[in-house]
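What follows is the residue order along each chain.
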Amino acid sequence: MMCLVAAVSMLLSSGVATAAEPVAPPASSTGTDVSAPVVQEVIVEAAEPRFVAPTRRDRIGRIWAPVLINGRGPFRLVLDTGASSSAVISEVAVSLGLPMRESASVRVHGVTGSAIVSTIAISRLEVGELLMEAASLPIVADVFGGAEGVLGSEGLADKRILIDFSHDRIVIARSHSQRADLGFTRIPLKLTRGRLLTIDLQIGSVHTKAIIDTGAQQTIGNSALRELLKRRALKGAKTQEIIGVTLDVAYGDSLPTPPIAFGGIEIRNLYVTFADMFIFDHWKLTKEPALLVGMDVLGLLDTLIIDYKLRELQVRPRPMMKTSPLLPPG
């Protein structure tokens, strides 16, 4: 059995707790709090992240962004394109000298479950040309393998993110609607459920909706996609244990899949973990095929540009990308 800290998605409910009725943090629970209406979502994934890690055959790193909070740091936050809110671990709150507010607790729904967590109030968060002021950050479990939280997508609506894997470089700047350079492929993006980056993708002969998730170590498919791929008699399953940010545990099967194709790029010999994840149910993506595309795929690129203003990806593959083999995770 493999252990994979992955698909750590969070859905933040509004701060409904009051000083007279505090909510204790962060006891793990998969129950539903009917008094806590949903307002935000965050997705974070992967163990052993790095700043911008070069691709390895059996170990993919996540993208770290050096973030200043209240003018201090930088703190190493995982850049997560699927996250609509940033979050930090408790050590960051201690370092900043900020009290964790139980009276402003929020409900966090992860890929594998949900929990109630405390928050901290910050006056300023900045990285590159991204600046956020007067924000409330949830305090989440330390499942980031060395990083100190997640940098969500709030404030990115007019931004252009350049991730240069070959040179370990990340740049967050304002978008000037810059068109793709020579050697890059343009892939249209749809923003679903607020700020989730979604593309149309083909896996074998199956067309599927794919969410681009720089926070995920491993690409994850839902059961509907697995059923459609059964015609190819998928074999060689390996059990994956998936631990979310709420510390709830789920299990999936890692299976070799047909080639994945998007934007004229084809990736072969990929292993995808299939599981009935909590987050697929929350996103109402259980009946149609869906794929969460993680760093095992994105990390194969030479350069990835996400332009929120243009609503497109600009990708430059590595020379041997079409034939680059990937080993099963673990």
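Computed from a predicted model, the values in this text were never measured in an experiment.

This part covers the overall build of the chain. Helices and strands together make up the secondary structure of the chain, namely four helices and 26 strands. A buried classification covers 55% of the 330 residues belonging to the chain. Contacts in the chain between residues at least 24 apart in sequence constitute 70% of all its contacts with a sequence separation of at least 6.

Our focus in this paragraph is the sheet that holds strand β12 (residues 159-164). Pairing is antiparallel in the open sheet, where five strands are placed in the order β13-β12-β25-β26-β14. Looking at which strands have only one partner, the edges of the open sheet turn out to be β13 (169-174) and β14 (185-188). For this sheet, the mean angle separating the axes of adjacent strands, direction not counted, is 15 degrees. Two elements, β14 and strand β26 (residues 312-317), share four bridges in a ladder whose sense is antiparallel. Looking at the pairing, Thr-185 lines up with Val-315 of β26.

What follows is about the pairing of strand β16 (residues 196-203). With six of its eight residues buried, β16 lies for the most part within the structure. Relative to β16, strand β15 (residues 190-192) runs antiparallel, the two being bridged by three bridges. The residue bridging Leu-191 from the neighbouring strand is Leu-197, located in β16. Taking the residues between adjacent antiparallel strands as the criterion, β16 and strand β17 (residues 206-212) are bridged by two residues, where Gly-204 takes a positive phi near 65 degrees. In this structure, β16 lies alongside strand β21 (residues 260-262), joined through two bridges in antiparallel fashion. Of the residues in β21, the one forming a bridge with Gln-202 is Ala-261.

Right, let's talk about the environment of Gly-215 for a bit. For Gly-215, the position within the fold is in the loop between β17 and β18 (220-221). In this structure Gly-215 comes out as buried when scored by relative accessible area, which is 0%. In this structure, the C-alpha to C-alpha distance between Gly-215 and Asp-80, residues 135 residues apart in sequence, is 4.4 Å.

In this section: the side chain of Thr-273. Mapped onto the elements of the fold, Thr-273 is located in strand β23 (residues 271-274). Contacts of Thr-273, omitting those with residues within four sequence positions, involve Gln-218, Thr-219, Ile-220, Gly-221, Gln-240, Ile-242, Gly-252, Asp-253 and Ser-254.

A few words on the nonpolar core. In this structure, Ile-69, Leu-151, Ile-161, Ile-199, Leu-201 and Leu-313 are the most contacted members of the largest nonpolar core, which totals 73 residues. Of the residues forming this core, the biggest block, five residues, is contributed by strand β9 (residues 114-127).

To continue, consider the pairing of strand β6 (residues 72-79). Sheet topology places strand β5 (residues 64-69) next to β6; five bridges connect them, and they run antiparallel. Of the residues in β6, the one forming a bridge with Ala-65 is Leu-77. Counted along the chain from β5 to the antiparallel partner β6, the turn is two residues long, and its residue Asn-70 has a positive phi close to 55 degrees. Both β6 and strand β11 (residues 149-151) contribute to a ladder of two bridges, which runs parallel. Across the sheet, the residue bridging to Leu-79 is Leu-151, located in β11.

Moving on: the confidence of the model for the chain. Per-residue pLDDT for the chain has a mean of 77; in total, 76% of the residues score no lower than 70. Per-element confidence in the chain is highest for helix α1 (residues 90-96), whose mean pLDDT is 96, and lowest for strand β4 (residues 38-44), whose mean pLDDT is 40. Predicted confidence is poor over residues 1-60, with pLDDT under 50, and the contacts of this stretch with residues over four places away or in other chains come to 224 contacts. When the criterion is pLDDT under 50, residues 323-327 qualifies, and its contacts beyond four places in sequence or with other chains add up to twelve contacts.

The subject of this paragraph is unusual backbone geometry. A cis amide bond links Gly-73 with the next residue in sequence, Pro-74, at an omega value of 10 degrees. Inspection of the secondary structure puts Pro-74 in strand β6. Notably, Asn-269 is not glycine yet its phi reads approximately 60 degrees, a positive angle. Mapped onto the elements of the fold, Asn-269 is located in the loop between β22 (265-267) and β23. Overall, the relative accessible area of 45% leaves Asn-269 in the partly exposed class. The phi angle at Arg-311 is positive, at roughly 55 degrees, despite the residue not being glycine. Structurally, Arg-311 is set in the loop between β25 (301-307) and β26.

Applying the stated rule across the entire model yields eleven salt bridges. Of the charged contacts, one joins Arg-124 and Glu-133 as a salt bridge, the two residues approaching to 3.5 Å between their closest N and O atoms. Looking at Arg-124, the relative accessible area reads 30%, which means it is partly exposed. One salt bridge connects Glu-266 with Arg-268, and the closest N-O pair in it is separated by 2.7 Å. What emerges from the salt-bridge pattern is a single network uniting Arg-124, Glu-126 and Glu-133.

Quick notes on the rules
- Residues numbered from 1 in each chain as written.
- Predicted model: local features only at pLDDT ≥ 70, side-chain atom pairs only at ≥ 80, totals over all residues.
- Heavy atoms only, no water.
- Helix = DSSP H or I, 4+ residues; strand = E, 2+ residues; numbered from the N terminus.
- Buried < 20%, exposed > 50% of the residue type's maximum accessible area, 1.4 Å probe, protein only.
- Contact = heavy atoms within 4.5 Å.
- Pairing = 2+ DSSP bridges.
- Axes fitted to C-alpha atoms, helices over the stretch in contact; angles between N-to-C directions.
- Core = buried A, V, L, I, M, F, W, Y, C linked by side-chain atoms within 4.5 Å.
- pLDDT = per-residue confidence, 0-100.
- Salt bridge = Lys/Arg side-chain N within 4 Å of Asp/Glu carboxyl O.

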